[in-house]
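# Structural features, examined
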Amino acid sequence: MISNEHIDRLLAGNGNVVGTDGAKIGGVGQVYADDDTGQPNWVTVKTGLFGTRESFVPLEGARVDGDDIVVPYTKDQVKDAPGVDPDGHLDPSEEDRLYQHYSLSGGQRTYTDATSGTAGGGYRSDADAGVAGGYRDDADTRADRDYDARGTVGRDTSGPTTDDAMTRSEEQLNVGTERQATGRARLRKYVATENVTQTVPVQREEVRIEREPITDANRDAALSGPELSEEEHEVTLHEERPVVEKETVPVERVRLDKDTVTDEETVTEEVRKERIETDGIDETRR
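Notes on the structure in this doc start here. (Residues numbered from 1 in each chain as written. Predicted model: local features only at pLDDT ≥ 70, side-chain atom pairs only at ≥ 80, totals over all residues. Heavy atoms only, no water.)

### Quick look at the overall build of the protein
Rules: Note on conventions: DSSP H or I runs of at least 4 residues are helices, E runs of at least 2 residues are strands, and numbering of each starts at the N terminus. Between buried and exposed lies partly exposed: a residue is buried under 20% and exposed over 50% of the maximum accessible area for its type, with that area taken using a 1.4 Å probe on protein chains only. The contact rule is simple, with two residues in contact once any of their heavy atoms fall within 4.5 Å. Accessible surface area values rest on a Shrake-Rupley calculation with a 1.4 Å probe, where residue burial reflects the displayed protein chains alone.
Along its length, the protein carries 5 helices and 8 strands. In sequence order, the secondary structure elements of the protein are arranged as α-β-β-β-β-β-β-α-β-α-β-α-α. Burial status across the protein gives 22% buried among its 286 residues. Partitioning the intrachain contacts of the protein with sequence separation of at least 6 by distance along the chain shows that 55% fall at a separation of at least 24. As displayed, the protein offers around 23900 Å² of accessible surface, 44% of which is attributable to carbon and sulfur atoms.

### Some words on the layout of surface pockets
Which entries qualify depends on this criterion: Here a cavity means grid points, on a 1 Å grid over the protein atoms only, where a 1.4 Å probe fits yet cannot get out; a pocket means an open set of points with protein on both sides within 12 Å along at least five of seven lines; lining residues are those with an atom within 4 Å of a point. Grid points are joined across faces, edges and corners, and a volume is the space filled by probe spheres set on the points. Basically, the charged four are Asp, Glu, Lys and Arg, the nonpolar ten are Ala, Val, Leu, Ile, Met, Phe, Trp, Tyr, Cys and Pro, and anything else, Gly included, counts as polar.
Size it by volume and the second largest pocket reaches roughly 810 Å³. Around the second largest pocket, the lining comprises 15 residues; the ones closest to its centre are R179, Q180, A181, T182 and G183. Of the residues contributing to the lining of the second largest pocket, the split by class is 4 nonpolar, 6 polar and 5 charged.

### Some points on the packing of aromatic side chains
In plain terms, the rule: Centres within 6.5 Å are what make two rings of Phe, Tyr or Trp a pair, Trp counting through its six-membered ring; a difference in plane orientation under 30 degrees is then read as stacked, over 60 as edge-to-face, and the rest as tilted.
In the structure shown here, the tally under the stated rule is 4 aromatic pairs. When the ring of W42 is compared with that of F56, the centres are 6.5 Å apart and the planes differ by 75 degrees; the resulting orientation is edge-to-face. Residue W42 is located in strand 3 (residues 40-47), and its partner F56 is located in strand 4 (residues 53-58); the two are separated by 14 residues in the primary sequence. Residue classification places W42 among the buried residues on the basis of a relative accessible area of 0%. Ring pairing ties together the aromatic residues Y32, W42, F56 and Y99, which thus form one cluster.

### Topic: helix 3 (residues 92-101)
Taken together, the buried positions of helix 3 are occupied by P92, E94, E95, D96, L98 and Y99. Positive phi shows up at S103, right after helix 3, with a value of about 55 degrees.

### Points about the pattern of salt bridges
So the rule is basically this: Any carboxyl oxygen of Asp or Glu within 4 Å of a side-chain nitrogen of Lys or Arg constitutes a salt bridge here.
Counted according to the given criterion, the structure contains 7 salt bridges. For E170, the salt bridge is made with R168, and the minimal N-O distance between the two is 3.3 Å. With relative accessibility at 38%, the residue E170 sits in the partly exposed group. Note on R168: relative accessible area 43%, which makes it partly exposed.

### Some points on the side chain of T44
Condition: Polar contact is the term for a pair of N or O atoms within 3.5 Å; when the atoms are in protein, one must be able to donate a hydrogen and the other to accept it, and sequence-neighboring residues count only if both atoms are side-chain atoms.
Structurally, T44 can be placed in strand 3. Looking at T44, its side chain comes within polar contact range of the main-chain nitrogen of Q30, at 2.6 Å. A distance of 2.7 Å separates a polar atom in the side chain of T44 from a polar atom in the side chain of E54.

### Remarks on unusual backbone geometry
For S103, which is not glycine, the phi torsion reads 55 degrees and is therefore positive. Tracing the backbone through its elements, the reader meets S103 in the loop between helix 3 and strand 8 (111-113). You can call S103 exposed: its relative accessible area is 66%.

### Here's the deal with the nonpolar core
Going by this rule: As used here, the term nonpolar core means buried Ala, Val, Leu, Ile, Met, Phe, Trp, Tyr and Cys residues forming a set that is joined through side-chain atoms within 4.5 Å.
Grouped together as the largest cluster of nonpolar side chains are 18 residues, with contacts concentrated most on V43, V57, L59, I69, V71 and V78. For this core, the leading source of residues is strand 2 (residues 24-34), giving 3 residues. Not counting residues within four places of it along the chain, the set of residues in contact with V43 comprises V28, Q30, V31, S55, F56, V57, L59 and I69. Y32, F56, V84 and Y99 belong to the second-largest nonpolar core, a separate cluster that totals 7 residues.

In structure tokens form, the structure reads like this:
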């Protein structure tokens, strides 16, 4: 049994409505409370593509499992529920259609969205509101609750107030896209060591003996010393050696960029269509 104590937790989380077979039906939408007792009696479940449709599910026989609500109905049964606009208030006529769909006996009350307090947050039963409150259950007015959006009585059975046409409906497939992360890419810089070989020219000095004959030009220098003597002459030899210096210089800038690539994916899904057959009509006649 789900009580008011569960409402805040159910609406604050990201819980789902789960069917009898354990399959997820959809996300928890709104919780509608009985205007008389304040107890939650209905929950809307977000179904359809991207949760754009909300279907009403009775909380009778439901239980709370963590942040989820487990209801005694299947996913197909919930998806086929009558379309009711979740506008914050559940009228008796709407409630009656839902009770018929779920094979339950209703209590002829009105319900307010417990999250918004629509209709003043108060509560009225039809016994207090009277006929002006919007609900009568006598035999003469029961057909009023069966009016569809076009104002005709009944659904499948012809009657004096139905029109002369049958509406055929079908499901249409609306396919969209959603954006999700598939991976991450990053740049990482590290230091690597490698050997670099370069050839550089080096110079060195070598001793070379030069001999020149005595001429008139150098005779005076040759005879300037003693006739016989002992002497030594010395020269300093030089050579070049490689000198290595290293400096850090910027060589390029690297960044990550993204390109958008468009692919095509084929989506296959079952859609239901209503077919209309004729009975008792001779189709060979024109």
